[in-house]
Amino acid sequence: MPRDIQLEASWKDLLADQFDQDYMQALRRFLQAEKRQGKQIYPAGADIFNALNSTPFAQVKVVILGQDPYHGPDQAHGLCFSVRPGVALPPSLKNIYKEIHADLGLPIARSGCLDAWARQGVLLLNSVLTVTAGQAASHQGKGWEVFTDRVISVLNEHGQNLVFLLWGSYAQRKGAMIDRERHLVLQSPHPSPLSAHRGFFGNQHFSRANAWLCEHNKTPIDWRVE
């Protein structure tokens, strides 16, 4: 993690106190040690905070919670479920696209890059923001969860009428703090091929999210991906 944090101004104001906390210092030391051992870390340093940098706090309308970055080459770029342009679609993202097609009638996208969602106010936040190449979940328990819990807490406390999409038990546990009186929380099984048929397909989360946004005088999300 770079010492000179490149973080969008509104998030930097809201989260500045976190970077001096003991857990963040320990996380920084862990990442530095990984790099000294010659390990490749994903995503690249400039993309670690891509979710926050792409979606300033005041623009957040919908929050999708993921778990870890992809650990294969050229995949992760700091947005959960998203891959870089030209990279093959991961299985969970294929199922997300199938549900969007069934729910909204939009064509199934060929690109796995979700930048367009982020620019519209969809915060694509992983719980853990880095991973060692080829080692799934290798940075769990190193401090990122504390940081992203704080991000969710800030959204819960200061956001207005947000939509949280919590897919799978991991995301649902992480989102347990969210005030259901103030925000819409939609839960279902994860879109992974292992669980999508148990209730992710048919959840209609995309149309339900947009209906909520319209009810609260917010522009709905255009969920199409070119």
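Residues numbered from 1 in each chain as written. Predicted model: local features only at pLDDT ≥ 70, side-chain atom pairs only at ≥ 80, totals over all residues. Heavy atoms only, no water.

A. The arrangement of the overall build of the protein chain in detail. When helices and strands are counted, the protein chain shows eight helices and six strands. Ordering the α and β elements of the protein chain from the N terminus gives α-α-β-α-β-α-α-β-β-α-β-α-β-α. For the protein chain, whose C-alpha radius of gyration is 17 Å, the value lies close to the compact-globule estimate of 17 Å for 226 residues. Residues counted as buried form 54% of the 226 residues belonging to the protein chain. Relative to all contacts within the protein chain whose residues are 6 or more apart in sequence, the contacts with residues 24 or more apart total 68%. (Helix = DSSP H or I, 4+ residues; strand = E, 2+ residues; numbered from the N terminus. Rg over C-alpha atoms; globule rule 2.2 N^0.38 Å. Buried < 20%, exposed > 50% of the residue type's maximum accessible area, 1.4 Å probe, protein only. Contact = heavy atoms within 4.5 Å.)

B. View of the packing of helix H4 (residues 91-104) against helix H8 (residues 205-215). For the pair H4 and H8, the least separation of the axes is 8 Å and the interaxial angle reads 60°. By the angle between their directions, the pair H4 and H8 is classed as oblique. In this structure, H4 contributes Ile96, Glu99, Ile100, Asp103 and Leu104 to the contact, and H8 contributes His205, Phe206 and Ser207. Here the residues of the contact of H4 with H8 sort into four nonpolar, two polar and two charged. (Axes fitted to C-alpha atoms, helices over the stretch in contact; angles between N-to-C directions. Parallel < 35°, antiparallel > 145°, perpendicular 65-115°, else oblique. Nonpolar A, V, L, I, M, F, W, Y, C, P; charged D, E, K, R; others polar.)

C. Quick look at the packing of aromatic side chains. Counting across every chain of the model gives 13 aromatic pairs. Considering the side-chain rings of Trp117 and Phe206, the 6.5 Å spacing of their centres and the 50° angle between planes classify their relative orientation as tilted. Pair noted here: Trp117 is in helix H5 (residues 115-120) and Phe206 is in helix H8, with a separation of 89 residues, a long-range link. Its relative accessible area of 1% is what places Trp117 among the buried residues. Measuring from centroid to centroid gives 6.0 Å for Trp144 and Phe147, while their planes differ by 70°, and the two rings are edge-to-face. In this pair, Trp144 and Phe147 are both assigned in helix H6 (residues 144-158), three residues apart and thus about one turn of the helix distant. (Phe/Tyr/Trp six-rings, centres within 6.5 Å; stacked < 30°, edge-to-face > 60°.)

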